[in-house]
Amino acid sequence: MYTAHIADTPNGKKVIIALEEMSLDYRVRHVDLSAGEQFTPEFERVSPNNKIPVLVDERTGQSLFESCAILYHLGLATGKLVPGDAQGREAVLQWLFLQAASTGPMLGQLWWFRHGAPERNEMALERYTRETKRIYGVIERRLAVSDHVAADEYTVADVAFYPWLASHDELGVDLRDYPRVAAWLQKIGERPAVGRAQRKMRKA
Ligand SMILES: N[C@@H](CCC(=O)N[C@@H](CS)C(=O)NCC(=O)O)C(=O)O
């Protein structure tokens, strides 16, 4: 049994998608970010960077922070959504790092400057829009040579990118410019585990 400490954000969503895909037993604990629950001493003990998500394995007491580390851990623990060979796993890792280090922060900043900032900031909007579109372009080109982000099979790298790239409307990205991303989003969105995760998130 796992406890997933999350909020309804792309980083929270990807952990729930992975738990559903791997048919694991878990419960959700919602962290109220606007109330500052991420800064309580209790939460800081499991998340030193004061961010969701955190996954706790209730059997062993092990806790993990950083969504892509959580996805990779679950993949190795279950043998699901990670390739069986070392080269394939390293391919997955490089895309997970790219997602966590670049896609999340850049799209996250664009989201904030579009929906959270108290004042309109043209320079920030221009900078993060350009970077966001560049990242959609990276994945568009990637999907021209492979059916999935990291490999020819569905892996945790697809799970990591999915909730971020699915936010295209909120980010002002027109998917007609990225037809392969659009088709990939549709295919993943139709997976039963992804549907279950979306319903779980709405209830969390
Ligand atoms: N690189 C981290 C990013 C986590 C992150 O940014 N979490 C956000 C929600 S999506 C958060 O907890 N924000 C609360 C805050 O910044 O105070 C990961 O992938 O887990």
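These notes cover the structure that comes with them.

Here is what the cut-offs are and how they apply
- Residue numbering note: each chain is counted from 1, following its sequence as written.
- Local features in this predicted model are restricted to residues whose pLDDT is 70 or higher, and side-chain atom pairs enter the listing and the counts only when it is 80 or higher, whereas totals over whole chains, interfaces and linings include all residues.
- To obtain the side-chain values, all non-hydrogen atoms of the structure were included, while hydrogens and water were left out.
- Only the six-membered ring of Trp is used, alongside the rings of Phe and Tyr, when aromatic pairs are assigned; centres must lie within 6.5 Å, and planes under 30 degrees apart are stacked while those over 60 apart are edge-to-face, with the rest tilted.
- Strands here are runs of E lasting at least two residues and helices are runs of H or I lasting at least four, both read from the DSSP assignment and numbered beginning at the N terminus.
- For each residue, the accessible area found with a 1.4 Å probe, counting protein chains only, is set against the maximum for its type, and the residue is called buried under 20%, exposed over 50%, and partly exposed in between.
- In this analysis an axis means a line fitted to C-alpha atoms, helices contributing only their contacting stretch, and an angle means the value between N-to-C directions, from 0 to 180 degrees.
- Angle categories: roughly parallel below 35 degrees, roughly antiparallel above 145, roughly perpendicular from 65 to 115, and oblique for all the rest.
- What makes a crossing left-handed is the near helix being turned counterclockwise from the far one by less than a right angle; a clockwise turn instead makes it right-handed.
- The contact rule is simple, with two residues in contact once any of their heavy atoms fall within 4.5 Å.
- Joining through side-chain atoms within 4.5 Å is the link that ties buried Ala, Val, Leu, Ile, Met, Phe, Trp, Tyr and Cys residues into a set, and such a set is a nonpolar core.
- Domain start and end points were adopted from an automatic or database domain assignment.

1. Some remarks on the packing of aromatic side chains
Next, step 1: According to the stated counting rule, one finds five aromatic pairs in the structure shown.
Next, step 2: The interplanar angle of 10° and the centroid separation of 5.8 Å between the aromatic rings of phenylalanine 113 and tyrosine 128 together place this pair among those described as stacked. One end of the pair, phenylalanine 113, is in helix α4 (residues 86-115); the other, tyrosine 128, is in helix α5 (residues 122-145), and 15 residues separate them in sequence. Each member of the pair phenylalanine 113 and tyrosine 128 is classed as buried.
Next, step 3: Linked through ring pairs, Trp112, Phe113 and Tyr128 together constitute an aromatic cluster.

2. Notes on the packing of helix α1 (residues 10-21) against helix α6 (residues 156-165)
Next, step 1: Two elements in contact, α1 and α6, have axes whose closest approach is 8 Å; the angle formed by their N-to-C orientations is 135°. The pairing of α1 with α6 is recorded here as oblique in orientation. In this structure, α1 crosses over α6, and the sense of that crossing is right-handed. Here α1 contributes Pro10, Asn11, Lys13, Lys14, Ile17 and Ala18 to the contact with α6, which in turn contributes Val159, Ala160, Tyr162, Pro163 and Trp164.

3. Describing the nonpolar core
Next, step 1: Formed by 55 residues in total, the largest nonpolar core has its most connected members in Leu19, Tyr136, Leu165, Val181 and Trp184.
Next, step 2: Elements with a contribution of two residues or more to this core: β1 (2-6), α1, α3 (67-78), α4, α5, α6, α8 (179-189) and α9 (192-203).
Next, step 3: Among the domains, domain 1 (2-80 + 193-203) and domain 2 (86-191) are the pair contributing at least three residues each to this core.
Next, step 4: Residues within four places of tyrosine 136 in sequence aside, it is in contact with Leu107, Trp164, Leu165, Ser167, His168, Leu171, Val173, Leu175, Tyr178 and Val181.
Next, step 5: Counting residues in hydrophobic clusters, the runner-up holds six residues, among them Ala7, Val31, Phe43 and Val54.

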